[in-house]
Amino acid sequence: MNYIVSKPELKVVGTRPVRPDGVDKVTGRATFGADMVLPGMVWGKVKRSPHAHARIVSIDTSKALKLPGVKAVITAEDFPNIASEEAFVGEGPMNFRDLSRNCIARDKALYEGHAVAAVAAISQAVADQALDLIDVTYEVLPHVIDVEDAMRPDAPILHDDLFTANVEPKPTKPSNVSKRVYFAKGDAARAFASADVVVEGRYTTAPVHQAYLEPHACVVQVASDGQAIVYSSSQGQFMVRAYCAKLLGWDIANIRAVPLEIGGGFGGKTLVYLEPLALALAQRSGRPVKMQMTREEVFRASGPTSGTVIEVKIGARRDGTIVAAREVLKYQAGAFPGSPVQPGCMCGFAMYDIANVEVIGYDVVSNRPKVAAYRAPGAPMSSYAVESALDDLARKLRIDPIVLREQNGAREGTKTHYGPTHHNIGFLQTLEAAKQSEHWKTPLKARNGGAVGRGIACGFWFNIGGESSGAVHVNEDGSVSVVSGSPDIGGSRASMAMMAAEVLGVPVDKVRPIVGDTSSIGFTHVTGGSRVTFATGMAVTQASEGVVEQLKNRAAQIWEIPPEAVDWRDGKAYPAGSNAGAFEPLDLAEIALRAGKTGGPISSEVSLNAQGAGPGFGAHICDVEVDRETGQVTILRYTAVQDVGKAIHPSYVEGQIQGGAAQGIGWALNEEYIYNAKGQMENPGFLDYRCPVASDLPLIEAIMVEVPNPRHPFGARGVGEVPIVPPMGAVGNAIRDAIGIRMTDLPMSPPKVRAAVDADNGQKAA
Amino acid sequence: MSKHHITTTINGEPVEFLCEPQETMLDVLRNTLNLTGSKEGCASGDCGACSIICDGKLMCSCLMLGVEAGGHEIITIEGVANGDELHPVQRKFLEHAALQCGFCTPGLIVASKALLDENPNPTEEEARYWLAGNLCRCTGYDKVIRAVMDAAAEMRGEVAA
């Protein structure tokens, strides 16, 4: 299977063709979630809690049901009250009971924006009127928003049946701390005592939203015999099907989930919000139902990722060898357990070879929307703290920050503090490429007398494999159709077509890829974990190889020679040598034309569970200018270096790196959830929740380092998540370089930078 | 409340529609006229996914009422290409891989066309500020800016088409 060695001359992989779905997307023809319509369709809308924490005493839907044009009203009573059960169909674990109660509140509303009821009506206007007529009686309860407040013994408790897991003795009182995570290697406490230098810090990060441009949307239909179809935009049609079946108590085979184009997800569309409600409304109304969130609903009720408090401590010898490291991480989970604190605990020190490490994490519920996966879930916050501390260490030891990381960097055989040993990784090569970059070699210049600085930070992500399916069909004219189970969120149709074309030896525009629905392709895990090019790519590659075997077999039949006497190259069958006989080569079209006479249609489908995804490493270099008067931070130059294994379509790999970096810059500088004293979000719109816009950013140079992953046919590693890990550290370190102040609280927004400058001036004056 | 009868021109063709007085142009385009290329990302004029050109001016169709369309010339994403021939901005978006999910792409292309209609020779900074009203969460804008600058150069005849 090792194409890297056996196929040194790739013809398609590594080139930059126009993506097969491109024309539809630049002309407005592509069908996203909200673009779908069905005949007879009615509109569904959700009634949401205005309270951060409240007992639902009663819900009176009678007035709403009497309103002309209202077709159905539902509450949690219309869904089975399901038991606690861990599920693994999205990205990371999800408890079915929690998911059900997140989709529609049962007994208690746990955050402002929590769904409590839903209606279906003949128009959006009538649906809105009906929402107003639903009478919900609440008993408002004390709420808690911040993570450390929620951990206090006297904090308002969200779940009476939640007891902290993994602590001794077993707690007898419920807590908002759902679990403690612990990893240790060596003896950190003793090693700190022997360190020449110790740096430490306490870092806080704000919750941020994935802020995909497309709000959640779906259209569903349920027939009277119970067979349903769900059209929606998500990161996994099989995830949609599994969750809907479970939450409604229906057979999986009765639900066909059709993936529409997805307008961004970044992890935030690896679970369902609307689809189960829409199905229940469609079943009760007998009409197709369309639902779409407003942007405000997206902010209040979906995503985000955790806000965190992280303490970090690193000890080193004078020569720069890190001897001890400790991290304590507290992550907001939102209203239900399940923050990404575990990967946070694993990723911070995963890049370094440190003999003594201790990491403790806490998963904490509070009255916020349940967090959802966001690009390298949990890692960016942890790395922000660790990479800031490493920058402090480099300064203290007067060692170049790249050299310090090289000196302690993970390499072949490094055992991580969470267990596994690194193999075939490209961290040192990534650091070397950063060191050799034009950016790093070019001295930083003062601009208009402003305070300028440069920072570097690194990032790690595991990447995953898992279950995927791909099918390759040779059409009657020799053109090729590829079907995969992975929603295309950023160009994966292109990479699937390219890998198939490479194996088949045909031009890429002869291969047309689609994303299949749940009834037309085998099970496939979500588009997440940077797994599609790796795992689904492996399935498509193997299916293509299966087709090549069949093509050789068909040629052998036509020539009446043994199949092993046939070679396949450049899209044609050749006799393997002079002994095989003298035959004119047969191309795909000629063999396809005769398929009926040689055994029938030529196609192959492969379903597999891909192992060996191969982790990725990044190193980002950032130059900033800080305006001491206003606190404004301007990114002057940005370079992102990453080990990508093998770039199948380099432009889309660069795009992942650039986009991840931009999201990280937003996280570093501006993005945050702001709550009022009642626990209500005050900035649920793009005006006040400030994502980076074009004028906020420079060009972002993406440098791809290719250390092949031996477990993928072309050497690919996941690339989508690594690039969001380093930016907060890189920006923070650049600000530290510019103004001499270590910013420890994200976002490093103008008011905070200005306050830090003022405090620093005050200290200097005193 | 009675509906208003509106006569307008969209993508060069005469169009008539009925709309409620409070309906936005975006809702009319998407729900009444089935022109779903214009997207709703925020409905508050902050993301630019619904960008259209009205009498040569770039607008967010979510901030315009349907009843305001009467008598004007409107271009939506569906009218940017000339039949099967893509506009240079559309072609350059594809060549530069300036889209990932593609949801903000119609708005960005309409806004870029409006920029180049008005200023055929923008600096990178001018392009960035012009497009600052169009959020893209996938690309980090790098390839978007490169595509727009390349399209501008081609339209000025500086490079072979």
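Since the structure is predicted, the reported quantities are computational estimates derived from the model, not experimental observations.

### A word on the overall build of chain B
When its secondary structure is counted, chain B shows five helices and five strands. Whereas a compact globule of 161 residues would reach a radius of gyration of roughly 15 Å, chain B reaches 16 Å, a difference of no more than 12%. Summarising its shape, the C-alpha atoms of chain B cover approximately 55 × 30 × 25 Å along the three principal directions. Buried residues in chain B amount to 57% of all 161 residues.

### Some points on the overall build of chain A
Scanning chain A from N- to C-terminus turns up 21 helices and 28 strands. Counting the 766 residues in chain A, one finds 60% classified as buried. Pairs at least 24 apart in sequence give 80% of the contacts found in chain A among residues at least 6 apart.

### Observations concerning the environment of Lys108(A)
Residues and elements named next belong to chain A. For Lys 108, the location among the structural elements is in strand 6 (residues 108-109). Put simply, Lys 108 and Ile 56 are 52 residues apart on the chain and 5.3 Å apart in space, counted from C-alpha to C-alpha. In contact with Lys 108, not counting residues within four places along its chain, are Ala 54, Arg 55 and Ile 56.

### Topic: the interface of chain A and chain B
With 42 residues of chain A in contact, the opposing surface of chain B contributes 41 residues. Listing elements by their share of the side of chain A that touches chain B, those giving two or more residues are helix 2 (22-27) and helix 19 (650-669) of chain A. No other element matches helix 19 of chain A, which puts eight residues into the side of chain A that touches chain B. The class makeup of the residues in the side of chain A that touches chain B is 21 nonpolar, 15 polar and six charged.

### Digging into the nonpolar core
In this structure, Val220(A), Val230(A), Leu277(A), Ala500(A) and Val731(A) are the most contacted members of the largest nonpolar core, which totals 300 residues. Sorting elements by how many residues they give to this core places helix 17 (residues 532-559) of chain A first, with twelve residues.

### Structural notes on the sheet that holds strand 5 (residues 73-75) of chain B
Residue and element names in this part refer to chain B. Spatially, the five strands line up as an open sheet ordered 2-1-5-3-4, and their pairing is mixed. Only two strands of the sheet have a single neighbouring strand rather than two, namely strand 2 (13-19) and strand 4 (57-60). Averaged over all pairs of adjacent strands, the angle between strand axes in this sheet comes to 40 degrees, irrespective of strand direction. Sheet topology note: the strand 3 (residues 51-54)/strand 5 ladder contains two bridges and is antiparallel. Note that in strand 5 the partner of Ile 53 across the bridge is Ile 75. On top of the sheet, helix 3 (residues 105-118) reaches strand 3 and strand 4; it is set at about 35 degrees to strand 3, its chief contact.

### A word on the confidence of the model for chain B
Chain-level statistics for chain B give a pLDDT mean of 97 and a share of 98% at 70 or above. Our summary of model confidence lists the complex with pTM equal to 0.97 and ipTM equal to 0.98.

### Details of the environment of Pro615(A)
All names here are of chain A. Its place among the elements puts Pro 615 in the loop between strand 25 (602-610) and strand 26 (616-626). The class of Pro 615 is buried, set by 27 C-beta atoms lying within 10 Å. Separated by 104 residues in the primary sequence, Pro 615 and Val 719 have C-alpha atoms spaced 9.2 Å apart. Beyond its immediate stretch of four places on either side in the chain, Pro 615 contacts Ile 425, Phe 460, Trp 461, Phe 462 and Asn 463.

### Observations concerning the packing of helix 13 (residues 401-408) of chain A against helix 14 (residues 427-436) of chain A
For any two helices packed against each other, one specifies the inter-axial angle together with the distance between the axes. All names here are of chain A. It is the contact of helix 13 with helix 14, at a shortest axis distance of 10 Å, that shows an interaxial angle of 165 degrees. In terms of orientation, helix 13 lies roughly antiparallel with respect to helix 14. Here helix 13 and helix 14 pass one another in a crossing that is left-handed. Within the contact between the two elements, helix 13 uses Ile 402, Arg 405 and Glu 406 and helix 14 uses Leu 428, Leu 431, Ala 434 and Lys 435.

### Concerning unusual backbone geometry
The omega torsion across Glu168(A) and Pro169(A) is -10 degrees, close enough to zero to call that bond cis. Along the chain, Pro169(A) turns up in the loop between helix 6 (147-151) and strand 9 (177-185). For Glu560(A), which is not glycine, the phi dihedral falls at a positive 60 degrees. By the element assignment, Glu560(A) lies in the loop between helix 17 and strand 22 (566-569). Of note in this structure, Ala43(B) is not a glycine but carries a positive phi near 65 degrees. Among the secondary structure elements, Ala43(B) is positioned in the loop between helix 1 (25-32) and strand 3.

### Describing the sheet that holds strand 9 of chain A
Residues and elements named next belong to chain A. Reading across from one edge, 9-17-16-15-10 is the order of the five strands in this open sheet, with mixed pairing throughout. Every interior strand has two partners, whereas the edge strands, strand 9 and strand 10 (197-205), have only one. Each adjacent strand pair in this sheet contributes to an overall mean axis angle of 10 degrees, direction not counted. Relative to strand 16 (residues 322-334), strand 15 (residues 308-316) is paired through nine bridges, and the arrangement is antiparallel.

### Some words on the packing of helix 4 (residues 96-103) of chain A against helix 8 (residues 237-248) of chain A
All names here are of chain A. The interhelical angle for the contact between helix 4 and helix 8, taken along N-to-C directions, is 85 degrees, at an axis separation of 10 Å. Between helix 4 and helix 8, the crossing angle belongs to the class labelled roughly perpendicular. On helix 8, the residues touching Phe 96, Leu 99, Ser 100 and Cys 103 of helix 4 are Tyr 243, Lys 246 and Leu 247.

### A few points about helix 5 (residues 142-155) of chain B
Between its first and last C-alpha atoms helix 5 of chain B spans 20 Å; for 14 residues at 1.5 Å apiece the expected length is 20 Å, and the two agree. Along helix 5 of chain B, the residues that are buried comprise Asp142(B), Lys143(B), Val144(B), Ile145(B), Ala147(B), Val148(B), Asp150(B), Ala151(B) and Ala152(B). The secondary structure elements touched by the buried residues of helix 5 of chain B are helix 19 and strand 28 (700-705) of chain A together with helix 2 (88-95), helix 3 and helix 4 (124-130) of chain B. Downstream of helix 5 of chain B by a residue or two, Gly157(B) has a phi angle that is positive, lying close to 80 degrees.

### Comments concerning helix 5 (residues 124-133) of chain A
All names here are of chain A. Turning to helix 5, its buried residues are Val 126, Ala 127 and Ala 130. Each buried residue of helix 5 lies within a common arc of 100 degrees when the element is viewed along its axis, so the set occupies one face. In this structure, the buried side of helix 5 is in contact with strand 1 (42-48), helix 3 (62-66), strand 3 (70-74) and strand 7 (115-121).

### Focus: the pairing of strand 19 (residues 466-474) of chain A
Residue and element names in this part refer to chain A. Sheet topology note: the strand 19/strand 25 ladder contains nine bridges and is antiparallel. By the bridge assignment, Gly 466 is partnered in strand 25 with Ala 610. Inspection of the sheet shows strand 19 paired to strand 20 (residues 480-484) by five bridges, in the antiparallel sense. When the bridges of strand 20 are listed, His 473 appears paired with Ser 481.

Rules used in this analysis
- Residues numbered from 1 in each chain as written.
- Chains lettered and ligands numbered in written order.
- Predicted model: local features only at pLDDT ≥ 70, side-chain atom pairs only at ≥ 80, totals over all residues.
- Helix = DSSP H or I, 4+ residues; strand = E, 2+ residues; numbered from the N terminus.
- Rg over C-alpha atoms; globule rule 2.2 N^0.38 Å.
- Buried ≥ 20, exposed ≤ 12 C-beta atoms within 10 Å, placed from the backbone.
- Contact = placed C-beta atoms within 7 Å.
- Nonpolar A, V, L, I, M, F, W, Y, C, P; charged D, E, K, R; others polar.
- Core = buried A, V, L, I, M, F, W, Y, C linked by C-beta atoms within 7 Å.
- Pairing = 2+ DSSP bridges.
- Axes fitted to C-alpha atoms, helices over the stretch in contact; angles between N-to-C directions.
- pLDDT = per-residue confidence, 0-100.
- Parallel < 35°, antiparallel > 145°, perpendicular 65-115°, else oblique.
- Left-handed = near helix turned anticlockwise from the far one by under 90°.
- Expected span 1.5 Å × (residues − 1).
- Arc of directions from axis to C-beta.

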